[in-house]
Each structure stands twice: as C-alpha cells, then as structure tokens.
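In case you want the letters, here they are:
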Amino acid sequence: MSDEQQQTPDATPPAPPAGPQPEPIPFFGTTWVEHDGGYALRRAAAGAGSLVTAFAAAYLLRLAYEGLEIGNVGPFLSISVVVLFAIASAVAFLKTWESFGRRPAPSSDEASLKGLKMIGFIGSLIAYFLRCFFEAPGERLRRAEYERSVAEFERRRRSRTGNPAARRPKRKK
C-alpha cells in the first residue's frame, strides 16, 4: 500500500490548491491548460476516433437505407428518411459547433433539440472532428473562463493585504 493509503487518523488531509482550478474536458482532462500530458496525441486520437465513428455510423445508415429499398417502401419514405437525416445532421453540426464557443443558457432550446441532435449524431461527430484540428473541443471557452477566474482571484487576493483585525473601523457618516 502506498503512503497515502496508510495515513494515520492524526494526519491532516492535503490542503486544497489555492485559487481556481481548470475545468476538465472529456478525453483531455486538464492537459489543455499547459498542453502537456500527451495533449497533441489525445487531440489526434479524439479527432480520428470521431471521424472513424462518423464513417461507421454513415455506413450503418446506408445499410438501413438499403433495407428500406429491399422492403420496397416507396420513394416518398426513402427520400423522407434521407432528408430527415441530412437536416438533423446539419442542425446537430451547427449546435455542436456553437456549443464549443459558448455555454447554453439554462432556459435555452438545447433541451428541446436533444432528440434532433441524437438523430443527427453524424453532424456532431464531424463538428468534433473538425474542432480537433484547432484545439480540444471547448478549450477556448474553458480557457477564457479559467483565465478570467484566475485574474479575478489574483485581484481579490491582492486587495486583502494586512491583518483585518488591525484595521481601523470605518467612520460613520
């Protein structure tokens, strides 16, 4: 057993790190902060994985379309299915791409679009793949939030100098 697992009851737990902590990104953790810990390899693997998954999903949709053709359901239903998946994929791509740059409002229409994004999952996978060329998906948003919180923490920390008990009381007006 390691030293951390053999702590005595008297041992104090490690102190939490001072200041704000970066928010982890799925598949990347917090390696996006310093681009360390295999960040480039993770980005390449996440992009390749999403592209391979998108191709596999498109192949499965092709098999489903061929099943419709074998079932002889008629041209209206066949065309409707293709148009439905194309529109759903386009909407899912756009919504996924937008989600990398801003957080959705709590009362936004994101909840009502979950079903549509699920149907058009190929668009979401392609958006994820394309975003991996530039950065970890969502990195720019999280980096801006993290840097803003660090700057705010430093500003608050600088303003708290000295012993607060030794301060003179404020004059009443």
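Please give an account of the nonpolar core that cites residues and values.
I25, F28, W32, V33, Y39, A46, F100, A127, Y128, C132, A136 and Y146 together form the largest nonpolar core, which totals 12 residues. Residue assignment for this core shows that the elements contributing at least two residues are α1 (39-70) and α4 (121-134). Per-element tally for this core: the top contributor is α4, with 3 residues. Leave out the neighbours within four places in its chain, and F100 touches A127, Y128, R131, P137, G138 and L141.

Please provide a residue-by-residue account of the packing of helix α2 (residues 75-99) against α4, values included.
Their axes nearest at 7 Å, the elements α2 and α4 cross at an angle of 40°. Note that α2 runs across α4; the crossing there is right-handed. Residues S89, A92, F93, T96 and W97 of α2 form the contact with α4, whose participating residues are I122, G123, S124, I126, A127, L130, R131 and F134. Looking at the contact of α2 with α4 residue by residue, the class counts come to 8 nonpolar, 4 polar and 1 charged.

Conventions and cut-offs
Residues numbered from 1 in each chain as written. Predicted model: local features only at pLDDT ≥ 70, side-chain atom pairs only at ≥ 80, totals over all residues. Heavy atoms only, no water. Core = buried A, V, L, I, M, F, W, Y, C linked by side-chain atoms within 4.5 Å. Buried < 20%, exposed > 50% of the residue type's maximum accessible area, 1.4 Å probe, protein only. Helix = DSSP H or I, 4+ residues; strand = E, 2+ residues; numbered from the N terminus. Contact = heavy atoms within 4.5 Å. Axes fitted to C-alpha atoms, helices over the stretch in contact; angles between N-to-C directions. Left-handed = near helix turned anticlockwise from the far one by under 90°. Nonpolar A, V, L, I, M, F, W, Y, C, P; charged D, E, K, R; others polar.

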